[in-house]
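Coordinate analysis (summary)
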Amino acid sequence: MATARKAPAGAVATVQRAQVQLPAAVQERMAADIAAFQGRMNAPVGTRIAVTQDKHFKNALDEKFKAIQGVIVNFVAKKAWYQDPFDKDERVPPNCFALGTMPHNELEPSKNSPDIQSPEGCKNCPKNQFKSAANGKGKACKDSYVLALLPPDAALDGADSSLVTLEISATGITPFEKYVRALSRDYGKAPYAFVTEFGFEPTVDYPSVRCVDPQPADVELVTMALDRYEEALKMLLTEPDVSEFDAKVRSKNAPPAAKKAAPRR
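The following refers to the structure shown. Since this is a predicted model, take the numbers as computed values, not measurements.

Next up on the list: unusual backbone geometry. Residue Lys 131 is not a glycine yet carries a positive backbone phi of 75°. By secondary structure assignment, the location of Lys 131 is in the loop between strand 5 (96–100) and strand 6 (142–150). For Lys 131, a relative accessible area of 65% translates into the label exposed. Despite not being glycine, Asp 213 has its phi angle at roughly 50°, a positive value. With respect to the helices and strands, Asp 213 occurs in strand 9 (residues 209–216).

And the structure:
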């Protein structure tokens, strides 16, 4: 006989869904209060699944996996430009970034970017042009998709189940778009109706994420994904913390102070 798990301290208890008919005036007031409550709270924070250079997914416990599974609850387009080369030992804020639910070239840089490159939009930004990268090949500004995922066993965990995020880099963008379109074309369903397996393209040396083997999710899991759709979007649109930009980026790249002229004798 299975025993019930003891909820961790501070956990929100899972309640049975109940349809309660409320007067229209009460329902209208409640809708306004829900919006107000949401506005008072910080955006939900998800656990980040990292992609390593040796083609593994790494979770918050530093455990590595060749493949992972999850339900794609929502996703957003992201652009980010860093003036300095990537350093795995020191994460720094981007100089300029953009987030949104539109195609990459329709994004506009966030007003909170420390060093906006193209106020009129990302499409014609010099950093968005091919061969603008330091190596003369790709674009200096990196495109990606950021996904919010529910684990396949989320329905068992209920309210305790956390959303996780996974970022798909530029080389995986076209395959990801083909995958999402194929789900719509072949099944007539959105990504959150499936448990997707995430792996890596085997024909290249670098880690390029691929979505494969969609399996229909059960009704409870699909319902949970729908219930958390807005929560996922709010989390994905949370902008990066740029409070340390001056200390970590601007100060390091500032020109040395001019030497004082020697006094005449």
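Let us keep going from here.
Examined against the element boundaries, Arg 210 turns out to sit in strand 9. Arg 210 has contacts with Thr 171, Gly 172, Pro 175, Glu 197, Phe 198, Gly 199, Phe 200 and Glu 201, leaving out every residue within four places of it along the chain.

Before going further, it helps to spend a moment on the pairing of strand 8 (residues 194–200). Burial analysis of strand 8 places six of its seven residues in the buried class, the great majority of the element. Both strand 4 (residues 68–81) and strand 8 contribute to a ladder of three bridges, which runs antiparallel. Along strand 8, the bridge assignment pairs Gln 69 with Glu 197. Taken together, the six bridges between strand 8 and strand 9 define a ladder with antiparallel strand orientation. For Glu 197, the partnering residue across the bridge sits in strand 9 and is Val 212.

Turning our attention to the nonpolar core. In terms of nonpolar packing, the biggest core is built from 25 residues, with Phe 57, Ile 72, Leu 147, Leu 149, Leu 166, Phe 176 and Phe 198 touching the most fellow members. Taken together, the elements giving at least two residues each to this core come down to strand 4, strand 6, strand 7 (164–168), helix 3 (173–187), strand 8 and strand 9. Looking at this core, the element that brings in the most residues is helix 3, giving five residues. Among the nonpolar cores identified, the runner-up in size contains 18 residues, and Val 73, Ala 148, Ala 154 and Leu 236 belong to it.

Right, let's get into the side chain of Asn 59. Note that Asn 59 resides in the loop between strand 2 (57–58) and strand 3 (64–65). You can call Asn 59 buried: its relative accessible area is 18%. Separated by 2.9 Å, the side chain of Asn 59 and the backbone nitrogen of Leu 61 make a polar contact. Those residues within four positions of Asn 59 in sequence are excluded, and the remaining contacts are Ile 49 and Phe 65.

Moving on: the packing of aromatic side chains. Under the criterion given, the structure shown has six aromatic pairs. Aromatic pair Phe 57 and Phe 200: ring centres 4.5 Å apart, planes at 25°, arrangement stacked. Of the two residues, Phe 57 is situated in strand 2 and Phe 200 in strand 8; the sequence distance between them amounts to 143 residues. According to the relative accessible area criterion, Phe 57 is buried, its value standing at 0%. Phe 200 gets classed as buried once you look at its relative accessible area, which sits at 14%. Geometrically, the ring pair formed by Phe 75 and Tyr 145 is edge-to-face, given 5.4 Å between the ring centres and 85° between the ring planes. Pair noted here: Phe 75 is in strand 4 and Tyr 145 is in strand 6, with a separation of 70 residues, a long-range link. By relative accessible area, Tyr 145 is classed as buried at 8%. A network of ring pairs unites the aromatic residues Phe 75, Tyr 145 and Phe 176 as a single cluster. Cation over ring: Lys 127 sits above Trp 81, and NZ or CZ is 4.6 Å from the ring centre.

Calculation notes
Every chain is numbered on its own, with residues counted from 1 as its sequence reads. Given that the model is predicted, a residue must reach a pLDDT of at least 70 before its local features are reported, and side-chain atom pairs must reach 80 or more before they are shown or counted; all residues, however, enter totals for whole chains, interfaces and linings. For side-chain calculations, the full set of non-hydrogen atoms in the structure is used, while hydrogens and water are omitted. Under the DSSP-based scheme used, a helix requires at least four consecutive residues in state H or I and a strand at least two consecutive residues in state E, with every element numbered from the N terminus. We call a residue buried when its accessible area falls under 20% of the maximum for its residue type, exposed when it is over 50%, and partly exposed in between, using a 1.4 Å probe and counting protein chains only. Should any heavy atoms of two residues lie within 4.5 Å, those residues are considered in contact. Between any two strands, pairing holds if DSSP finds at least two bridges. Among the buried residues, those of types Ala, Val, Leu, Ile, Met, Phe, Trp, Tyr and Cys that are joined through side-chain atoms within 4.5 Å form a nonpolar core. The term polar contact refers here to a pair of N or O atoms within 3.5 Å; inside protein, the definition further demands a hydrogen-donor-capable atom paired with an acceptor-capable atom, and it admits residues adjacent in sequence only when both atoms are side-chain atoms. Note on ring pairs: Phe, Tyr and Trp rings are taken, using the six-membered ring of Trp, and paired if centres are within 6.5 Å. Classes follow the plane angle, with under 30 degrees stacked, over 60 edge-to-face and the rest tilted. By the criterion adopted, a ring carries a charge over it if an Arg CZ or a Lys NZ lies within 6 Å of its centre and within 35 degrees of its normal.

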